[in-house]
Amino acid sequence: MTKFTIPVDKFLSQPTPFYYYSLPLLEATLSEVNESSAYPGFKVHYAIKANANPEILKVISRAGLGADVVSGGEIRAAVAAGFPADKIVFAGVGKSDVEIITALEAGISCFNVESLPELEVISALALERGKVAKVALRVNPNIDAHTHHYITTGLSENKFGISLEMLPSVVDEAVALKGVELIGLHFHIGSQLTDMKPFEMLCDTVNRLNAEFNDKGIKLQTLNVGGGLGIDYNQPDLHPIPDFKAYFKVFADNLKLLPGQELHFELGRAIVGQCGSLITRVLYVKQGLNRKFAIVDAGFTELIRPALYQAHHKIENLTSPDKPLEKYDVVGPICESSDCFGKDELLPEISRGDILALRSAGAYGEVMASTYNCRTLPPSLLI
Ligand SMILES: *Cc1c(COP(=O)(O)O)cnc(C)c1O
């Protein structure tokens with residue numbers, strides 16, 4: 001397999017921190033997505049919330065993917081990056097009136113609706129404009145994705161989607177309302193899933209509902225199974241591209257599409273996660289009583305996943321990869337104890353000025369950056 005090495009020499013003169021993106025890896029990932037999803041009726045949308053860097057979005061739209069958006073701002077970002085409106089789907093549990101109007105005016109292909117009151121508002125706003133909005137109902141299939149509880153979304157007590165019990169009454173309403181056309185069902189069970197079993201279980205639920213709708217005489221045009229395919233945070237160089245073949249094959253083997261139906265996917269992390277790294281410089285090496293701290297110039301303001309989800313990103317010393325290993329706590333400058341990228345990290349001996357990479361930071365990194373502590377948002381470098 002091609003090696004996607006980080007070009008350290010290009011970093012030496014750059015102010016830190018910054019996000020580095022490997023465009024060759026992104027392109028190779030997109031080719032793999034397109035090849036592995038080439039089954040009849042399969043359509044892949046990119047979940048913009050994972051990374052909305054305009055240059056990244058342009059590469060993804062050029063590769064022919066659609067866009068999954070969760071806000072009015074993301075609709076504008078998608079349109080600006082060249083995603084055609086008829087390939088944009090709009091999800092989210094709290095769409096504001098202004099956002100719904102933005103979507104209606106842009107002419108997006110589908111609203112993924114998460115509740116009855118939302119359905120009624122979309123219908124009313126569409127009718128006021130002489131339009132009929134295409135909608136899919138987001139169903140909560142009550143599947144335990146066995147992932148971190150902050151990123152599981154498919155359990156009944158979750159705020160997302162409509163429960164299986166309440167679905168029939170919402171469907172009746174969707175059929176009765178004049179401003180909406182029910183075209184499909186939508187599911188999204190969680191994120192960072194590396195085991196295919198939950199996706200197989202999802203297929204069973206989708207098949208059962210699809211058959212029930214068909215028996216009732218409701219013709220669904222699209223089934224949308226969301227995203228959630230995970231990446232290898234521990235060994236990004238061993239698995240720079242997720243196993244898309246296995247992922248799409250689960251659906252090709254298990255999901256029974258009726259004639260003319262499309263199957264939609266909304267992948268975020270799996271597409272952009274591995275192509276990005278957060279590059280940071282070591283400010284100080286501080287000897288504590290029992291531990292040694294490598295204090296770096298990036299913090300949770302640039303990469304919040306460790307603080308937010310107890311996630312771990314592989315850390316590399318790019319300046320001195322061959323020095324003998326020592327143990328460090330790698331911490332940022334933010335005034336919070338959770339501002340820590342790793343405890344007891346075994347790393348080649350670190351000195352002030354060394355450049356470190358926090359790997360696999362392409363998804364939910366730059367998009368979640370904040371200016372806490374009056375810090376400035378860091379730039380990105382695409383190579
Ligand atoms: C977040 C999200 C996605 C993308 O999730 P990934 O884990 O990044 O693939 C897809 N669909 C919906 C509805 C989402 O909320």
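Counting starts from 1 at the beginning of each chain's written sequence and moves along it residue by residue. With the structure being a predicted model, the display of local features is reserved for residues of pLDDT at least 70 and the display and counting of side-chain atom pairs for 80 or more, all residues being used for whole-chain, interface and lining totals. Hydrogens and water are ignored here; the side-chain numbers use all heavy atoms of the structure.

Enquirer: For this particular structure, what's the right way to read the nonpolar core?
Expert: Here, nonpolar core refers to any group of buried Ala, Val, Leu, Ile, Met, Phe, Trp, Tyr and Cys residues whose side-chain atoms link them within 4.5 Å. Only protein chains enter the area calculation, which uses a 1.4 Å probe; residues under 20% of their type maximum are buried, those over 50% are exposed, and those in between are partly exposed. The biggest cluster of nonpolar side chains holds 95 residues, and the ones touching the most others in it are Ile60, Phe111, Leu137, Phe251 and Ile271. A per-element tally of this core places helix 7 (residues 197-215) first, with six residues. Whether two residues are in contact is decided by their heavy atoms, any of which lying within 4.5 Å being enough. With near-sequence residues (within four places) excluded, Ile60 lies in contact with Leu26, Leu30, Tyr46, Leu65, Phe83, Ile271 and Val272. Within the second largest apolar cluster, eight residues are counted, among which are Ile6, Phe18, Leu318 and Ala357. Strands are runs of DSSP state E lasting at least 2 residues, helices are runs of H or I lasting at least 4, and numbering of each runs from the N terminus.

Enquirer: Would you take a moment to explain the site of the ligand for this structure?
Expert: With respect to spatial proximity, 14 residues lie near the ligand, and among them Lys49, Ser191, Glu266, Arg269 and Tyr364 are the closest. Tyr364 is positioned such that a nitrogen or oxygen atom in its side chain is 2.6 Å from an oxygen atom of the ligand. To be clear on the numbers: accessible area is Shrake-Rupley with a 1.4 Å probe, and residue cover counts the displayed protein chains and nothing else. In isolation the ligand offers 390 Å² of accessible surface; the protein chains occlude 93% of this area. Note on residue categories: nonpolar means Ala, Val, Leu, Ile, Met, Phe, Trp, Tyr, Cys or Pro, charged means Asp, Glu, Lys or Arg, and polar means any other residue, Gly included. Classifying every residue of the shell around the ligand gives three nonpolar, six polar and five charged. One heavy atom within 4 Å of a molecule or strand makes the whole residue count as near it. Any N or O atom pair separated by 3.5 Å or less is treated as a polar contact, with the protein-specific requirement of one donor-capable and one acceptor-capable atom, and with residues adjacent in sequence counted only for side-chain atom pairs.

Enquirer: How should I be thinking about the pattern of salt bridges in this particular structure?
Expert: If the charged atoms of two oppositely charged side chains come close together, the side chains can form a pair. Here, a salt bridge means any side-chain nitrogen of Lys or Arg that lies within 4 Å of a carboxyl oxygen of Asp or Glu. Within this structure, the stated rule accounts for 17 salt bridges. For the salt bridge of Arg291 with Asp344, the shortest nitrogen-to-oxygen distance reads 3.1 Å. Here Asp344 lies in strand 15 (residues 340-348) and Arg291 lies in the loop between strand 11 (276-287) and strand 12 (292-296), a separation of 53 residues in the sequence. One salt bridge in this structure joins Glu302 and Arg375, with 3.0 Å as the shortest N-O distance. Here Arg375 lies in the loop between strand 16 (355-358) and strand 17 (380-382) and Glu302 lies in the loop between strand 12 and helix 10 (305-309), a separation of 73 residues in the sequence. Overlapping salt bridges, with partners in common, bring together Asp237, Lys314, Glu316 and Arg359 in one network.

Enquirer: Explain the side chain of Asn207 to me, please; I cannot follow it from the model alone.
Expert: Residue position: Asn207 is located in helix 7. Its relative accessible area of 13% is what places Asn207 among the buried residues. For Asn207, the side chain forms a polar contact with the main-chain oxygen of Asn254, separated by 2.8 Å. If sequence neighbours within four positions are ignored, Asn207 has contacts with Asn254, Leu255 and Lys256.

Enquirer: Mind showing me how you'd approach the pairing of strand 16 here?
Expert: Regular strands show a simple pattern: their side chains alternate between the two faces of the sheet. Here strand 16 shows no split at all, with Ile355 and Ala357 on one side and Leu356 and Leu358 on the other all buried. Note on pairing: DSSP must find at least two bridges between two strands before they are called paired. Inspection of the sheet shows strand 11 paired to strand 16 by four bridges, in the antiparallel sense. Opposite Thr280, over in strand 16, you have Leu356 as the bridge partner. Strand direction decides the pairing type here: strand 13 (residues 315-317) and strand 16, joined by three bridges, are antiparallel. Of the residues in strand 16, the one forming a bridge with Ile315 is Leu358.

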